[in-house]
Each structure stands twice: as structure tokens, then as C-alpha cells.
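What follows is each chain in one-letter form.
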Amino acid sequence: MLTGKHLIAGAWVASETKFDSDPAHGPSHSFSAGNAADVDAAVNAAEEAFASFGWSSRTSRANLLRRIADEIDARGDAITEIGTQETGLPEARLQGERGRTVGQLRLFADHIESGHYLDARHDAAMPDRAPLPRPDLRMIQRPIGPVAVFGASNFPLAFSVAGGDTAAALAAGCPVVVKGHPAHPGTGEIVAQAIDAAIKASENVHPGVFSLIQSDGIEVGTALAQHPLIRAVGFTGSLRAGRALFDICAARAEPIPFFGELGSVNPMFLLPGALATRAEAIGTGWAGSLTMGAGQFCTNPGIAVVIEGPDADTFQNAAQEALSQVAEQTMLTSGIAEAYDRGIDGIAGVNGVNQVLTGEKADRAASPNLFVTSGTNWLANATLHEEVFGPSGIVVRVADIDEMQQVSRAIEGQLTCSLHLEDSDTDLAQTLLPVLERKAGRLLANGFPTGVEVADSMVHGGPYPASTNFGATSVGTLSIRRFLRPVCYQDIPSSLLPEEL
């Protein structure tokens, strides 16, 4: 059952100010709207919890993560029911996303139990070394302290209250304060109930290890980013909101890292050999990737770069035909639907762009749109480089290989870049790959980037504006490094060292 309250250090707390949810279907619910005082209470409790949680054993934290996963699974039907109401996503999508969410919690439990993430090092003392002796040096990765996490609009589970940022921070030993996303506050509260139950079922876990503050405005987010006890921020969302929070974190008296994943157009480059042999299949596959989840993925491949000619016609026609068969889909929020319409209008208004498929506009729904332009025109118009969050794509028809290389050099930081190629394309691919490697965190061959595997090797991040920290990932076990820092212990007595040393 929903309380409509915040969870602050194990207590359900109401605020005088309220906001109502805006579900795609089903009943609306009233929720407390947090303020700076709520943030201060939650963060101070997190700092108090860090005194024990930051020095807890890996086994106890792994057990907590597994309990959270079990409690989420136990509430699976309730999560699916309200999640579909709030977001309009189908039941199968919510069930699959819940599986991913609990899977990454359990993955982090296994990961920290192995201890490899600690990167423990030891340089033994050399007292007889000349001309100077060497002290005993030991190094290990240590948790940084309380972390703020912002729930994402497009993943109500996997990138929200108990999503990857929260899982990584808790695994590292960092308490978490989550700002819930107003697009799915009920879903967020039920997940918070699961975390609360897991904490209370665990031994010696301070309740300040986790808090959830609901909000439909900017006060809570601003207060979290500015709070002097917050040591890092994890964020998935728009470039505009992410850049504003990044600037707040950088302007603090003591700046902190802001790990923002801000979106991407995820360009695909179709090389001549692949285009000659698989143009139709790639076009159909691209349409499926573009429209998956109403195109509301940060890995949506919004641009396809092809060399002008009959094979490009085949690819474009196949994509257009497949897209024309896709019915309109409900979007996550009315605001996202409105932003999608504005983005489509912006592209359509650029000279030299031909809209070959025009989707119907509807309240909180989106239909596919397809545009075509030349490589020269794409290079000259920055509007065509921007992400449109929804089922829309641009075919960029370049004149030749040289112009394709120009496009590769002109793209900004991306989460992904994809190559479709055959063996005959190897020479061209060898010239493109070093360029694209500097542009993206994940490079794909003969695939589509929608779908991010949660695994040790995954990188979900990239150069700005895809993310604000090109050396980090928000998916996979490497993401724990965002919430750790190396500490060297010189000649520290063994009785005072962390257990792992």
C-alpha cells in the first residue's frame, strides 16, 4: 500500500506540500513534495550511517544487496501494476526491467565478495635500501561517503530507486539518498519499502544507509547537490538538467564529482560491403531498434550514415516501410511527448532535410518519424546532431568515404557508435575505429545499441555530452569505482588497517 510519504532513515515522513502523480492510466495518487529540511535530515542520517556502513564487511553488504533483491521480487506484482499505470510501459517490459534490477543487485553482491574491485596493493618495507629506506606501503579502494542518486524517467526500476547507481554505491559502502522521479513516484515508493524491509531484516545496518525523498520540483535536487556532506552525485536524464546539476557540483566550496549520463544520438555507420549485402535487413533492424520502448532509450540509434547510391535507397526504403507499420506508443510522461514533438518540428524546420515519414501527433503518444539529409547538410546544422528522445531517425546520405570520415570526426561524445561491415570493409573500418573510439564508450559491430548488458565488461558512458565523466560507466561492475577512492597506508600498524589489508 502507498503512503505517499518520504522514507528518511527508516521512518516514513510526510510533508505539508503535496503533488499528484500523472499516470498513463489508472488512478492518480498524492505524494509528499520534499524540501531542503528533508534533504538535510536524510543526508545527516547518511553521514551518521557511514561511520559504521563504510567499515562494514563485504559479506554483510553483499547480504544486504541480496535481501533488497529478494524484497523487490516479493513485491513484483505490485511493482508491475503501478509501474504500468504510471509509465504506460507494458507489463513484460516492467517484469524484464525488474529482473535486470535484482540481477545487478545480486551481481554486485558477488562482485564485492570476490574482493577484486579493491585493487589491494602492497609494497613491503625495505629498511636496508640505500641511499634511503622504503616504508611499508599498502593501498586499497575505500568508500567516499554519502551519495545522492537521481531517479531516471525512462527506467523506473533499473536506473531509479534501487537501480545501478544505488546498487554500486551500497556495494562500495556508501549510504544513498535518492531523489525520486515524479514520473513514477508510486513505483519508487514500493521499491523503497523493499529496501526498508531489507535494512530492518539485516543485523547492525544503520537506517540512514538509505533514504528516498519524493519531489516534483527542483528544490530537493538542488539541495542534494549543494549539501556539504554529499560526496558524489549519480544522475541519468536530460542534458539540460544534468548540466545544471553538474555546474552546481562544480561551483561548491568543495567541488564533488557529478556522474551524469545525459544522452546520445548513437550514430551507425553502414560501410559499403554491408550495405551491398544486407541493406534491407539492416534497415528493418534499425526500425525495430528506433521504436523499441517508443524510442525512449538513451542508446536509441538516431542517425544512420550511408554512402549515396542504390544500396542506400534499399536501406532507406526498408526502414521507412518497417517504421510505417509501427503504431503510436504511449510515452512516459506528457512532458516527454511534448519534447518529442518539439524535436521533430526542429528537425523538419532545417533547410535541406526531407521528412519521408511523418508520424501522427497525439497527447502523450508518439509515432515514428524518418528524415533524410545529405552529409554536407548534416555537417552544417548543429540541430541535426541533437538527441530527439523518441522513435525518430535521420538517414545521413554522404557523397563518399571521405565525407563519411568527416561525419565521424564531427560527431560529439556518444554512449555508442556502431559499424555495420563485412570483411571487404576492413580497411575502411580501420580508419574509422580510431576516430570513433575517441567519441564513444561502447563500440558495436553489426548490431544495434538498444539493450545494455549488465556485466563486468560493459561501459555505459562516454565523452561529453554523453556523460560528464568519460572515465566512468553507470552500468556494470566497473561502475562501483565512481564511489571509491584509493587510500595509501604508510607504516600503519596492522591492527589499524582495513580488514582486507
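Residues numbered from 1 in each chain as written. Predicted model: local features only at pLDDT ≥ 70, side-chain atom pairs only at ≥ 80, totals over all residues. Heavy atoms only, no water.

1. Regarding the sheet that holds strand β5 (residues 121-123)
Taken together, three strands build an open sheet; the order of strands is β5-β6-β21 and the sheet is antiparallel. In the strand order of this sheet, the two ends are held by β5 and β21 (484-490), each with one partner. Ignoring which end each strand starts from, the neighbouring axes of this sheet average 25 degrees apart. Where β5 meets strand β6 (residues 137-143), three bridges bridge the pair, whose relative direction is antiparallel. (Pairing = 2+ DSSP bridges. Helix = DSSP H or I, 4+ residues; strand = E, 2+ residues; numbered from the N terminus. Axes fitted to C-alpha atoms, helices over the stretch in contact; angles between N-to-C directions.)

2. A few points about the packing of helix α7 (residues 219-226) against helix α8 (residues 239-251)
Here α7 crosses α8 at 35 degrees, and the two axes come no closer than 9 Å. Note that α7 runs across α8; the crossing there is right-handed. Every residue of α8 that contacts α7 at G221, T222, A225 and Q226 is listed here: L245, I248 and C249. Broken down by class, the residue content of the contact of α7 with α8 amounts to four nonpolar, three polar and no charged. (Left-handed = near helix turned anticlockwise from the far one by under 90°. Contact = heavy atoms within 4.5 Å. Nonpolar A, V, L, I, M, F, W, Y, C, P; charged D, E, K, R; others polar.)

3. With respect to the pairing of strand β17 (residues 369-374)
On a regular strand, each side chain points to the face opposite its neighbour's, so the side chains alternate between the two faces of the sheet. Of all the six residues making up β17, five are buried; the element is thus mostly covered by neighbouring parts of the structure. By the bridge criterion, three bridges tie strand β15 (residues 354-357) to β17 in an arrangement that is antiparallel. In the sheet register, Q355 faces β17, and the bridge partner there is F371. Across six bridges, β17 lies against strand β18 (residues 392-398) in parallel orientation. Pairing of F371 across the sheet is with I394, part of β18. For the crossover from β17 across helix α12 (residues 375-380) to β18, the handedness is right-handed. (Buried < 20%, exposed > 50% of the residue type's maximum accessible area, 1.4 Å probe, protein only. Right-handed = clockwise from strand over helix to strand, strands pointing away.)

4. Section: the pattern of salt bridges
In this structure the tally under the stated criterion is 19 salt bridges. Taking the shortest distance from any N to any O, the salt bridge between E422 and R278 comes out at 2.6 Å. With E422 in the loop between β19 (414-420) and α14 (426-437) and R278 in helix α9 (residues 272-291), this residue pair connects regions lying 144 residues apart in the sequence. Residue classification places E422 among the partly exposed residues on the basis of a relative accessible area of 29%. Judged by relative accessible area, which is 23%, R278 ranks as partly exposed. Across the pair R397 and E308 runs a salt bridge, and its minimum N-O distance is 2.4 Å. (Salt bridge = Lys/Arg side-chain N within 4 Å of Asp/Glu carboxyl O.)

5. Considering the packing of α9 against helix α10 (residues 310-324)
The geometry of α9 relative to α10 is characterised by a closest axis approach of 8 Å and an angle of 30 degrees between their N-to-C directions. Between α9 and α10, the crossing angle belongs to the class labelled roughly parallel. Viewed along their axes, α9 and α10 form a crossing whose handedness is right-handed. Seen from α9, the contacting residues are L275, A276, A279, E280, I282, G283, T284, W286, A287, L290 and T291; seen from α10, they are D311, A312, T314, F315, A318, A319, A322 and L323. Residues belonging to the contact of α9 with α10 are distributed by class as follows: 13 nonpolar, four polar and two charged. (Parallel < 35°, antiparallel > 145°, perpendicular 65-115°, else oblique.)

6. Section: the sheet that holds strand β1 (residues 6-8)
Here we have seven strands laid out as an open sheet, ordered β2-β1-β9-β8-β7-β10-β11, and mixed in their pairing. With one partner strand each, in any of the chains shown, β2 (11-13) and β11 (258-261) form the two edges of the open sheet. Between one strand and the next, the sheet's axes are offset by a mean angle of 20 degrees, whatever the strand orientation. Where strand β8 (residues 176-179) lies against strand β9 (residues 210-213), four bridges are found, and the strand directions are parallel. Across the sheet, V177 pairs through a bridge with S211, a residue of β9. Sitting on the sheet, α7 touches β7 (147-150), β8, β9 and β10 (232-236), and the angle it makes with β8 is about 155 degrees.

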